[in-house]
Amino acid sequence: MLLSARSTASRETPALTPDSREDVRRECEKLGELVVQARLESEHFGAGKAFAWEWLLEQHHRRLREGESAERERIVRALKAAEESASAARAAAAGAQSAARWAIVAALAAAAAVIVSLAKYW
């Protein structure tokens with residue numbers, strides 16, 4: 001009786017093979033992460049449970065890498081925008097400095113004209 005129980009148990013639990021791993025991975029791809037998580041909790045995968053967990057972990061790491069990559073791209077765009085803004089501010093400052101110089105020249109010319117006209121009356 002004990003012998004027959006063992007042989008029945010061994011027939012019910014399939015051996016984990018690379019093929020069963022691929023089968024579980026394909027099923028996980030079809031189902032998506034949320035469904036796979038729910039089915040893991042309900043023991044749907046049986047002996048392939050480890051493969052399903054492995055697949056979920058890979059998806060999590062892939063999402064993390066993509067998130068880091070997207071964050072890096074946002075930082076690079078922000079830095080480029082800051083550089084362009086700083087360049088525009090430098091150009092505006094140079095323009096303002098030039099305008100101030102011309103305003104000083106115009107004020108000096110006006111003062112010289114006043115001095116010349118006063119000198120004519122003396």
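Source: prediction; values computed, not measured.

## Some points on the nonpolar core
Judged by nonpolar contacts, Val24, Cys28, Val36, Leu40, Phe45, Phe51, Ala52, Trp55 and Leu56 together constitute the single largest core of nine residues. At the level of elements, α2 (18-31), α3 (33-41) and α4 (49-121) are the ones that each hand at least two residues to this core. The element contributing the most residues to this core is α4, with four residues. Those residues within four positions of Cys28 in sequence are excluded, and the remaining contacts are Val36, Phe45, Ala52 and Trp55.

## Quick notes on the pattern of salt bridges
Pairs can form between side chains of opposite charge once their charged atoms are near each other. Per the counting criterion, the structure on display carries nine salt bridges. Note that Glu71 is salt-bridged to Arg74, the shortest N-O span being 2.5 Å. Linking Glu71 with Arg74, this pair stays in helix α4, spanning three residues, or about one helical turn. Relative accessible area serves as the criterion here: at 38%, Glu71 is assigned to the partly exposed category. One network of salt bridges, in which partners are shared, links Arg21, Arg25, Glu54 and Glu58.

The rules we used
Residues numbered from 1 in each chain as written. Predicted model: local features only at pLDDT ≥ 70, side-chain atom pairs only at ≥ 80, totals over all residues. Heavy atoms only, no water. Core = buried A, V, L, I, M, F, W, Y, C linked by side-chain atoms within 4.5 Å. Buried < 20%, exposed > 50% of the residue type's maximum accessible area, 1.4 Å probe, protein only. Helix = DSSP H or I, 4+ residues; strand = E, 2+ residues; numbered from the N terminus. Contact = heavy atoms within 4.5 Å. Salt bridge = Lys/Arg side-chain N within 4 Å of Asp/Glu carboxyl O.

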